[in-house]
Amino acid sequence: MWDYSEKVLDLFYHPKNQGPMDPTPEPGIRVVTGDVGSITCGDALRLYLKVEEATERILAASFQTFGCTSAIASSSALTELITGLTLDQALKITNRDIADYLGGLPPAKMHCSVMGQEALEAAIYRYRGIPLPVHTDDDSALICSCFGISESKIRRLVRENHLTTVEEVTAYSKAGGGCGSCLADIEDLIATVLAEGGSERPSVAEPRDPVQVKTSAPLTTLQKIAHIQTVLEQQVRPLLIADGGDVELYDVDGDQVWLRLKGACTSCASSQDTLKLAIETRLREQVWPQLTVHAV
Amino acid sequence: MPSVIYLDNNATTAVDPLVLEAMLPYLKEFYGNPSSMHSFGGQVGKALSQAREQVAALLGCEPSEILFTSCGSEGNNTAIRAALAAQPEKRHIITTQVEHASVLNPCKHLEKQGYHVTYLSVDEQGCLDLLELEAALTGDTALVTLMAANNETGVLFPIEQVGSLAHDYGAIVHVDAVQAVGKIPLDLHQLPVDLLTLSGHKLHAPKGIGALYVRRGFRFRPLLIGGHQEKGRRAGTENVPGIVALGKAAELAQTYLGDPHEQQLRDALEIGLLQRIPDTQVNGHLLHRLPNTTNLGFKFVEGEAILFWLNKYGICASSGSACTSGSLEPSHVLRAMHLPYTVLHGSIRFSLSRFTQAAEVERVLEVLPGIISHLRAISPFSHEEEDWLQQQERELVLR
Ligand code: FES
């Protein structure tokens, strides 16, 4: 039996945002879908995005998945990760973000997170009316005909996930998992990508606990959100809850962070101070120094 | 741990309490070595011959034709090697596409050593075509090795016809009867079979014990060479408690043969599920099948997801889907049957035993329909898309 994390099992047994989305147009809002996979491969995902046209913000996301435990959990995780993001922010999400959100996936199941990332990309490209740049039918050579995996897809996975072995490529893409006749080609391709200096992002060495991150490299919005949430979760909320209040992250845009205070805090005259002093200081110290906190 | 509803008896079975009782003294007070020249070891030797008689009685053969092994895989490997060694000039092997890995992989290995192997196909119901077998047989065929019953679908192969045909061409016949022994009657006095493998843990004995039937007069070459145990046919001190257990398990299996209990419950489960869950089909021939096995394909959903839900209710079954196997391809057995992928990925095997109770079957009938409709609600595929899906599949095959 696969050793899935608690989070994977939780999202599998209680998936969030499942089911198709009503495509009837509301003014200023568009619903788009992104599809990946097929019944033959054994997993397929259709992602629905509800996008506010003026801001390009994802107001809601939902999914339909044919697949195993981790495919369903990955899909559900994806919808949770992207709700509230703008399309540009969402495009920065990688399969690693999905896997991390799930508390990790068994190595042989990493392709489930890749499927989520691809469906997201497919939906956004469809929204923008751009043909898909990579994946199935692109002009780069087909490396694995059993699973229809192209050279460019493998290149990208190797680069983004710092893969070094054929087994890892199979786990992330399924390429090589069928007849095996493409294994040698995959091996050559990995060598080529590594020789080209594929590992520009140091994410393998990235600490798992974001609170400890004091990096000088600019954070992606998703990383910011994850870090802020960890600080709130571990250090701020326990204090506020003890006083009968609570706080929730509402939005992040550049250096601006919006928080929503709840319960006892909102009626308390010193709530602004609570914010400024307690939260902003902590977040500046631990996440990034230039941020400013606002209440909504 | 919640009480377990164990419907995975083709994977392994519970040790029967009577079997455990029979073997325990040989783990405790009777620990002598049957090869020793004192009566303490001699007592143990008697237990071994009794076990040999019990196994022989179940198979309808002579006790001297039974050789104890450690497992089914050892039996299959030994049999294949022995058959080839007996006719060293012949270089052709016939087997089927749906065999267990312990037959398929040795065959693939032998191909690298210069043997020519024919892998017979099966039809959509998992059955063999005897004409295909006949066409494959030549004077150069050293061995025909095939299973009596398939582990995934329970489909039975016509051993008797296969055996006679093979013998007509002078080939040795080996039958992997790991799934069949104890579930259906086998009479080796009648069957044209030279070698036959069985495994203890599939019939309520513990793991780590098996047996190989070697027809009297067969020029047997051992795989394990060393001491003179098993009349020099398998070196190594005997697994005495395991052998005693296998003997007792064989004796018990014989008393249960023909008891309709398993089949009645299997049928109730199968019919109940087919009635309650639309877009479901039985994989494998409905009649030529083990009485304890049903393999069902639930369309538009994936097997591992079904298994995890069943597991939540304490129900153990297995699946031929790609995701469960650790490989990325679905079961080689179901693929050899050319089942559509909709069925393939959503296949679940339930395998019962004499310990299965009606209430356990009821429980599956209670929870599984809800599980399937929940997963179908999540799935992007449905009944309406069936034609489109088949089309997609056909295109993939054409490419
Ligand atoms: S071509 Fe890649 S596994 Fe068959």
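Preceding this paragraph is the structure being described.
Before going into details, it helps to say that this report is about the structure given with it. (Residues numbered from 1 in each chain as written. Chains lettered and ligands numbered in written order. Predicted model: local features only at pLDDT ≥ 70, side-chain atom pairs only at ≥ 80, totals over all residues. Heavy atoms only, no water.)

## Quick notes on the packing of helix α2 (residues 69–82) of chain A against helix α5 (residues 110–128) of chain A
Residue and element names in this part refer to chain A. Condition: A fitted line through C-alpha atoms represents every axis, and for helices the fit uses only the stretch in contact; the resulting angles, taken between N-to-C directions, go from 0 to 180 degrees. Segments assigned H or I by DSSP are reported as helices when at least four residues long, segments assigned E as strands when at least two residues long, and all are numbered from the N terminus. The scheme is simple: roughly parallel for angles under 35 degrees, roughly antiparallel for over 145, roughly perpendicular for 65 to 115, oblique for anything else. Two helices that cross are described as forming a left-handed crossing if the nearer one is turned anticlockwise from the farther one by less than a right angle, and a right-handed crossing if clockwise. In this description, contact between two residues means that some pair of their heavy atoms is separated by no more than 4.5 Å. Residues are sorted three ways: Asp, Glu, Lys and Arg are charged, Ala, Val, Leu, Ile, Met, Phe, Trp, Tyr, Cys and Pro are nonpolar, and all the rest, Gly among them, are polar.
Where α2 contacts α5, the two axes come as close as 8 Å, and the packing angle between them is 40°. Looking at the two axes, α2 sits oblique to α5. For the element pair α2 and α5, the recorded crossing hand is right-handed. Contacts between α2 and α5 involve S70, A71, S74, L78 and I82 on the former and, on the latter, C112, S113, M115, G116 and L120. Its residues assigned to classes, the contact of α2 with α5 shows 6 nonpolar, 4 polar and no charged.

## Remarks on helix α8 (residues 183–195) of chain A
All names here are of chain A. Condition: One fewer than the residue count of a helix, multiplied by 1.5 Å, yields its expected span. Between buried and exposed lies partly exposed: a residue is buried under 20% and exposed over 50% of the maximum accessible area for its type, with that area taken using a 1.4 Å probe on protein chains only. Along the arc lie the directions from the helix axis toward the C-beta atoms.
Over its 13 residues, α8 runs 18 Å from end to end, which matches the ideal 18 Å to within 8%, given 1.5 Å per residue. Residues of α8 that are buried include every one of I186, L189, I190 and V193, and no others. Looking straight down α8, one finds its buried side chains confined to an arc of 105°; they lie on one side. Tucked into the core, α8 has its buried residues touching β4 (142–144), α6 (151–161) and α7 (166–173). Positive backbone phi, at 80°, marks G197, one or two positions downstream of α8.

## So, the sheet that holds strand β3 (residues 57–66) of chain A
All names here are of chain A. For the record, the criterion: Two strands qualify as a pair provided that DSSP identifies no fewer than 2 bridges between them.
The strand order across the open sheet built from 3 strands is β1-β2-β3, with neighbouring strands paired in antiparallel fashion. Strands with a single pairing partner mark the edges of an open sheet, and in this sheet they are β1 (29–38) and β3. Taking the axes of each pair of neighbouring strands and ignoring which way they run, one obtains an average angle of 15° across the sheet.

## Regarding the interface of chain A and chain B
Keep this limit in mind: Note: buried area is the sum, over both parts, of the accessible area (probe 1.4 Å) each one loses when the two are combined. Between Lys or Arg on one side and Asp or Glu on the other, a salt bridge is scored when a side-chain nitrogen of the former is within 4 Å of a carboxyl oxygen of the latter. For this analysis, a polar contact is any N or O atom pair within 3.5 Å, provided that within protein one partner can donate a hydrogen and the other can accept it, and provided that sequence-adjacent residues contribute only side-chain to side-chain pairs.
Contacts between the two partners involve 34 residues from chain A and, on the opposite side, 30 residues from chain B. Contact between chain A and chain B buries roughly 2800 Å² in total, counting both sides, with carbon and sulfur atoms accounting for 66%. Sorting the residues of chain A by area buried against chain B places A:Y13, A:I39 and A:T40 first, and these three jointly supply 26% of that buried surface. Inspection of the chain A/chain B interface yields 1 salt bridge. With a shortest N-O distance of 2.6 Å, A:K109 and B:E304 are connected by a salt bridge. Put simply, chain A and chain B have 6 residue pairs in polar contact (both at pLDDT 80 or more) between them. Counting residues per element, the ones that place at least two in the side of chain A that touches chain B are α1 (6–13), β2 (43–52), β3 and α2 of chain A. With 4 residues, the top contributor of residues to the side of chain A that touches chain B is β3(A). Class assignment of the residues belonging to the side of chain A that touches chain B gives a composition of 16 nonpolar, 15 polar and 3 charged.

## Digging into the side chain of A:S150
Relative to the assigned elements, A:S150 resides in strand β5 (residues 149–150). Take A:S150: its relative accessible area is 2%, and that puts it in the buried class.

## Comments concerning the packing of helix α8 (residues 261–276) of chain B against helix α13 (residues 358–378) of chain B
Residues and elements named next belong to chain B. Look at α8 against α13: their axes get within 10 Å of each other, and the N-to-C directions meet at 15°. Judged by the angle between their axes, α8 and α13 are roughly parallel. Considering only the axes of α8 and α13, their crossing is right-handed. Taking contact as the criterion, the partners of L265, A268, L269, G272, L273 and R276 in α8 are, on α13, A358, V361, V364, L365, L368 and P369. Of the residues belonging to the contact of α8 with α13, the class tally is 10 nonpolar, 1 polar and 1 charged.

## Considerations on the nonpolar core
Worth spelling out the cut-off: By nonpolar core we mean a set of buried residues, namely Ala, Val, Leu, Ile, Met, Phe, Trp, Tyr and Cys, connected to one another through side-chain atoms within 4.5 Å.
A:L49, A:I82, B:F350 and B:L368 are the most contacted members of the largest nonpolar core, which has 88 residues in total. Ignoring sequence-local partners within four residues, the contact set of B:F350 consists of B:L7, B:L269, B:L273, B:N292, B:T293, B:T294, B:L296, B:L310, B:A317, B:V364 and B:L368.

## Some thoughts on unusual backbone geometry
All names here are of chain B. Within the chain, D279 stands out as a residue other than glycine whose phi angle is a positive 55°. Examined against the element boundaries, D279 turns out to sit in the loop between α8 and β9 (280–282). Backbone geometry places F300, a non-glycine residue, at a positive phi of 75°. Among the structural elements, F300 can be located in the loop between β10 (293–298) and α9 (303–312).

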